[in-house]
Amino acid sequence: MDLRTLRKRCEARLRQLDLPNPFDVQSFCERLAARRGRPILLYPARSESGPYGLWVAGPSLDVVFYEEETSALHQDHIILHELCHLLCGHQSVPLSDAELARLLCPHLDPATVQQVLNRASYSTDEEREAELLASLILRQTVGGPPRPETRPLDTETVGVLRRLEASLERDGST
């Protein structure tokens, strides 16, 4: 699918969404769960090398796994990306109740978790669609006043901010 068609399709979906104002991902997730008639569980997880996020459809609920070791804005984007797969009618990783229970248990063998995560496979078009719609939602909703950071910044982000601040001080811009 060409980018122009994809963008038009995503913009049409965006116009149909009931976005909370002020926007926050948790409220959006709750509205989406109510609309679909099934709960959506947001579950932070640490990803060593796999995907940053994953949507898993269980028999009675949806679970969105997202990277816990990143900034709040990146987490919001990851969650929105996964929710956009759901909004666009893409297929999730199907799991039984037993598989879902094992995945949510913290004492689970990491090899089992990786095996389940490797079952996720969206087409490139589906990934582009979910990414574009998530970006459009954030662009439309983050335009208001900035939200306070609620999670500690990672070391790399702190370093970038310090270098930026130092360069602005040398410029005389601050």
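The shown structure was predicted, so the numbers you read here are calculated from the model rather than taken from an experiment.

Can you explain the packing of helix 2 (residues 25-36) against helix 3 (residues 72-87)? Please cite residues and give values.
In contact at an axis separation of 11 Å, helix 2 and helix 3 are set at 15° when each is read in the N-to-C sense. In terms of orientation, helix 2 lies roughly parallel with respect to helix 3. Along this stretch, helix 2 crosses helix 3, giving a crossing that reads as left-handed. Together, Val25, Phe28, Cys29, Leu32, Arg35 and Arg36 of helix 2 and Asp76, Ile79, Leu80, Leu83, Leu86 and Leu87 of helix 3 make up the contact between the two elements. Here the residues of the contact of helix 2 with helix 3 are counted per class, giving nine nonpolar, no polar and three charged.

Pulling in residues and values, what's your account of the pattern of salt bridges?
According to the stated counting rule, one finds six salt bridges in the structure shown. Linking Glu11 and Arg7 is a salt bridge whose minimum nitrogen-to-oxygen distance equals 3.1 Å. Pair noted here: Glu11 and Arg7 are both in helix 1 (residues 3-16), with a separation of four residues, about one helical turn. The class of Glu11 is partly exposed, set by a relative accessible area of 25%. Arg7 gets classed as partly exposed once you look at its relative accessible area, which sits at 30%. Where Asp62 meets Arg38, a salt bridge forms, and the shortest distance between an N and an O atom there is 2.9 Å. Residue Asp62 is located in strand 3 (residues 62-67), and its partner Arg38 is located in the loop between helix 2 and strand 1 (40-45); the two are separated by 24 residues in the primary sequence. In this structure, Asp62 and Arg38 share a single accessibility class: buried.

Calculation notes
- Residues numbered from 1 in each chain as written.
- Predicted model: local features only at pLDDT ≥ 70, side-chain atom pairs only at ≥ 80, totals over all residues.
- Heavy atoms only, no water.
- Axes fitted to C-alpha atoms, helices over the stretch in contact; angles between N-to-C directions.
- Helix = DSSP H or I, 4+ residues; strand = E, 2+ residues; numbered from the N terminus.
- Parallel < 35°, antiparallel > 145°, perpendicular 65-115°, else oblique.
- Left-handed = near helix turned anticlockwise from the far one by under 90°.
- Contact = heavy atoms within 4.5 Å.
- Nonpolar A, V, L, I, M, F, W, Y, C, P; charged D, E, K, R; others polar.
- Salt bridge = Lys/Arg side-chain N within 4 Å of Asp/Glu carboxyl O.
- Buried < 20%, exposed > 50% of the residue type's maximum accessible area, 1.4 Å probe, protein only.

Interpretation note: all reported values are geometric properties and have no functional meaning in isolation.
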